[in-house]
Amino acid sequence: MKKIISSILLSLFFISTIFAELNSSDNLKVKNRNNSDAIHQYTKEELEIINNYINEMVLVKDYKSDGKKRSFKIGKFEVTQELYKAVMGTNPSYYSKNPAEDEDQNKRPVEFVSWYDAVYFCNVLTTLTMGEDECCYTITDIVTKTDDLKAQKDKFIKEEPTYKTFIKSANVTINHNKKGFRLPTMDEWLFAAKGGSKTNNYKYAGSNNLQEVGWVQSNSNKTHHQVGLLKANELGIYDMTGNVKEFCEDLAFYTNTRNQVFPRRIQVGGNMFSDEDNALLSYYEEGLEYPGNGGQGFRIINQIK
């Protein structure tokens, strides 16, 4: 037990040291931000946004994997539009204007990202904070696509059409032995959403009353909202029910009526369009790796060795 505690404390010290160095540096640069060869030098404002998100990540203890207990940190909030823009230099979201009254646009969750965009984001953030050698993903053969979103924009938020570029496909190799940021597995996400070792076994993340904890069909006005406004779960994590669905790392496969097999990614938590059943923690979808209709985002974790 002493060895386990010492290992966790050492890992926490190592991670906090990295983030302290990040906070004090004026010259941090990352190559390949936004899938290009350009070298980006981060501003103090960008680093402050990144640091704030990382420092607020919630420690989840006693997660069991392969018969052993381990700990990880998970985003207190879904990845926000300001965080994604600070890391990647762009905000691809549908809902990029017109927040609800008294809400901060920058703190709405990012969406219109593919699963590949999400893992690419994890690599860029890891490279910035820990170095490229700690990236959990090896990403090759990247194919991007640019969509005209006029039809979706007119339907959902009535804004002027814009053009968004996302990663359509890539070869991704996953390595959980690295220290970097990554997407949670469905099992990790569910353990954290239920409240970890502090769970009260609620139907939703933090309550049996859906509207206390989640922006869903009945209270969202068909749009997502600033993160952190509703009640947190037992661990102090927000919006794990509703707002935007969240990508997990897990791969699934869908077979159509012609016996054609297509890859899918697990999506959890429900979103602003979900009813009571689709927002249950027990409910998940095997969704496209493509961006959704503005209701699909993600949250990151960082494994503690």
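Bear in mind that the values here come from a model prediction, so they are computed numbers and not experimental data.

What counts as what
Residues numbered from 1 in each chain as written. Predicted model: local features only at pLDDT ≥ 70, side-chain atom pairs only at ≥ 80, totals over all residues. Heavy atoms only, no water. Core = buried A, V, L, I, M, F, W, Y, C linked by side-chain atoms within 4.5 Å. Buried < 20%, exposed > 50% of the residue type's maximum accessible area, 1.4 Å probe, protein only. Helix = DSSP H or I, 4+ residues; strand = E, 2+ residues; numbered from the N terminus. Arc of directions from axis to C-beta. Contact = heavy atoms within 4.5 Å. Pairing = 2+ DSSP bridges. Axes fitted to C-alpha atoms, helices over the stretch in contact; angles between N-to-C directions.

A. Main features of the nonpolar core. I50, V79, F121, L183, F298 and I300 are the most contacted members of the largest nonpolar core, which has 37 residues in total. Sort the elements by how many residues they give to this core and helix α4 (residues 115–129) lands first, with ten residues.

B. Just helix α6 (residues 186–193), in detail. Among the residues making up α6, those that are buried are E188, W189, A192 and A193. For α6, the buried positions fall inside an angular range of 130 degrees around the axis, keeping them on one side. Where α6 is buried, its residues contact β3 (58–65), β4 (68–74), β7 (181–182), β8 (245–255), β9 (261–268) and β12 (301–304). G195 sits one or two residues past α6 and shows a positive phi near 100 degrees.

C. Representation of the sheet that holds strand β10 (residues 284–287) in the model. As summarised here, the arrangement of the four strands in space is β10-β9-β8-β11, forming an open sheet in which the pairing is mixed. Every interior strand has two partners, whereas the edge strands, β10 and β11 (296–297), have only one. Across seven bridges, β8 lies against β9 in antiparallel orientation. Bridge pairing in β9 places A252 opposite R264. Contacts between α6 and the sheet are confined to β8, β9 and β10, with β8 contributing the most and set at about 140 degrees to the helix.

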